[in-house]
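Residue-level structure breakdown
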Amino acid sequence: MKKYRVGIIGATGMVGQRFVTLLESHPWFCPSFLLASSRSAGKTYAEAVGEKWALDAPIPAYAKDMVVLDAADPTPLIGKADFVFCAVNLKKEETRALEEMYAKCEIPVVSNNSAHRFTPDVPMVIPEVDPEHLAVIPFQRKRLGTERGFIAVKSNCSLQSYVPLLHPLRKFGIEKVAVCTYQAISGAGKTFKTMPEISDNVIPYIGGEEEKSEREPLKIWGELRGGEIVPASSPVITAQCLRVPVSDGHTAAVFVSFKNKPTKEEILKAWEYEGEPQRLHLPSAPERFITYFEEDDRPQPALDRMKEKGMGIMAGRLREDPLFGWKFIGLSHNTLRGAAGGAVLLAELLAVKGYFG
Ligand code: NAP
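Keep in mind it's a predicted model, so treat the numbers as computed, not measured.

Here's the deal with the site of the ligand
Near the ligand lie 26 residues; those nearest to it are Thr12, Ser37, Ser40, Lys52 and Ser186. Within the backbone of Val15, a nitrogen or oxygen atom sits 2.8 Å from an oxygen atom of the ligand. A distance of 3.2 Å separates an oxygen atom of the ligand from a polar atom in the side chain of Asn89. When the ligand sits alone it has 900 Å² of accessible area, and the protein chains cover 83% of it. Breaking the shell around the ligand down by element, the ones donating at least two residues are helix 1 (14–22) and helix 11 (336–352). Its residues assigned to classes, the shell around the ligand shows 10 nonpolar, 14 polar and 2 charged.

Structure representation (structure tokens):
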């Protein structure tokens, strides 16, 4: 089978490094272009990433000597790249412009960035939850004036620790959700070396995160109407997001009330949920989407984040709550399921659905 030729924009960053590693032996995608800022352009990948390499595994051999390109110039990719992944730390307007530039060059963009998450004709997709939102892409192409080019985004990383667990429970009429997320430092592109202030500490603020945590689920549960995704109007979600001294893995403490309160058995049964990636056997799909732990002290980031190669969603401590009805703990790997892995899964879904042409 001919592989898709793929570019990685932001290849030297925390999420980019995960892409470089995940695509090393991907059955469908061949990482053919590595792009970053003009600071890295012209250097080999190994030189450009240097001390910033944050993964335990070494830099894959294929990437070491590839010359990093300046993402500001898409010319070398035009007609050559089938699509790009994008994970950059630019201002929103700059990211928006960069992604549109690639889409308008007929290079589809699968993005980890937040810049386009609320553009009404850009799908924000967790492949197991709202794959039907990809149907908005033809409307976006019409607006952009493209035949192939489009932008598809994944949601914020912390959502993956509670939205997949709430989704199969929507049939019981979710009314209110309160969620506290305990987020790993890799979510800020940091390691313990580059974020020494997190040692023996908790930082009770992550800029913009609470707004994303409350708002993005409503777009994911929205409907395609009139060429746009119209966000759902309920449930009400309130969030608090804390940075904690964990390398990888975002934990969520979730409280939820229902119109028709389910039993514990009904919730556990609903969590046996399978989505389109499982039915289609996509290469990066976890075999088991949700794993429930019976042990009182699980799931834990250090023990459980790599379940299903970092693509599984973990749950535990499901118990009745006197205020809300039910409460539980969720966990997911933020740079795998929550970032690069989630984007690769989204790209696999786009590929099988024919969106890369
Ligand atoms: P990061 O480690 O700070 O890396 C940023 C990347 O952006 C680097 O490759 C950098 O290249 C590149 N870059 C900077 N300026 C650029 C420019 N003008 N043109 C092209 N590339 C440029 O950030 P990160 O943690 O990987 O996050 C990247 C994006 O993913 C952010 O939007 C973030 O919100 C999102 N995200 C992160 C996570 C996570 O868990 N970390 C999860 C979900 C989503 P140089 O090395 O050349 O500077």
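After that view, the rundown keeps rolling.
Side note on the domain arrangement of the chain
If you check the domain split of the chain, you get domain 1 (4–156 + 339–352) and domain 2 (158–332). In this structure, domain 1 and domain 2 have C-alpha centres spaced 24 Å apart. Contact with domain 1, which involves 35 residues of that partner, is made by 39 residues of domain 2. Across the domain 1/domain 2 interface, buried area totals approximately 2900 Å², and carbon plus sulfur atoms make up 66% of it. The largest per-residue losses of area from domain 1 upon contact with domain 2 belong to Phe118, Glu128 and Asn156, which jointly make up 26% of the total buried on that side. At the junction of domain 1 with domain 2, the criterion picks out 3 salt bridges.

Let's talk about the layout of surface pockets
Considered as a void within the structure, the second largest pocket measures approximately 430 Å³ in volume. Around the second largest pocket, the lining is made up of 19 residues, and of these Leu22, Pro283, Ser284, Lys309 and Met311 lie nearest the centre. Elements with a minimum of two residues in the lining of the second largest pocket: helix 1 and helix 11. Residues of the lining of the second largest pocket, tallied by class, amount to 9 nonpolar, 5 polar and 5 charged. Looking at the lining of the second largest pocket, you find at least three residues from each of domain 1 (4–156 + 339–352) and domain 2 (158–332).

Things to note about the packing of helix 1 against helix 11
Axis separation between helix 1 and helix 11 bottoms out at 9 Å; the angle between their running directions is 45°. Classed by the angle they form, the pair helix 1 and helix 11 counts as oblique. Two packed elements cross with a definite hand, and for helix 1 against helix 11 that hand is right-handed. Contact residues: Val15, Arg18, Phe19 and Leu22 in helix 1; Leu336, Ala339, Ala340, Gly341, Ala343 and Val344 in helix 11.

A word on the environment of Phe328
Within the secondary structure, Phe328 sits in strand 14 (residues 325–332). Sequence separation of Phe328 and Ala253 is 75 residues, and the distance between their C-alpha atoms is 6.2 Å. Residues within four places of Phe328 in sequence aside, it is in contact with Leu165, Leu166, Ala252, Ala253, Val254, Val256, Trp271, Gly316, Arg317 and Leu318.

Topic: the sheet that holds strand 10 (residues 236–243)
Strand pairs in the sheet, formed through backbone hydrogen bonds, run parallel or antiparallel to each other. Judged by pairing direction, the sheet is mixed, and its 6 strands sit side by side in the order 10-7-11-14-13-12 without closing on themselves. Only two strands of the sheet have a single neighbouring strand rather than two, namely strand 10 and strand 12 (290–293). On average, each strand axis in the sheet is tilted by 25° relative to the strand beside it, whichever way the strands run. Pairing analysis gives 8 bridges linking strand 7 (residues 174–183) to strand 10, with the strands arranged parallel. From the neighbouring strand, Val177 faces strand 10, where its bridge partner is Ile237. Across the sheet, helix 7 (residues 209–220) is in contact with strand 7 and strand 10; its angle to strand 10 comes to roughly 145°.

What counts, and at which threshold
Residues numbered from 1 in each chain as written. Predicted model: local features only at pLDDT ≥ 70, side-chain atom pairs only at ≥ 80, totals over all residues. Heavy atoms only, no water. Near = heavy atom within 4 Å. Polar contact = N/O pair within 3.5 Å; in protein donor to acceptor, adjacent residues only side chain to side chain. Areas by Shrake-Rupley, 256 points an atom, 1.4 Å probe, with all protein chains shown as cover. Helix = DSSP H or I, 4+ residues; strand = E, 2+ residues; numbered from the N terminus. Nonpolar A, V, L, I, M, F, W, Y, C, P; charged D, E, K, R; others polar. Domains from an automatic or database assignment. Contact = heavy atoms within 4.5 Å. Buried area = accessible area lost by both parts, 1.4 Å probe. Salt bridge = Lys/Arg side-chain N within 4 Å of Asp/Glu carboxyl O. 1 Å grid on protein atoms, 1.4 Å probe; cavity = no way out; pocket = protein on both sides within 12 Å on 5 of 7 lines; lining within 4 Å. Points joined across faces, edges and corners; volume = space filled by probe spheres on them. Axes fitted to C-alpha atoms, helices over the stretch in contact; angles between N-to-C directions. Parallel < 35°, antiparallel > 145°, perpendicular 65-115°, else oblique. Left-handed = near helix turned anticlockwise from the far one by under 90°. Pairing = 2+ DSSP bridges.

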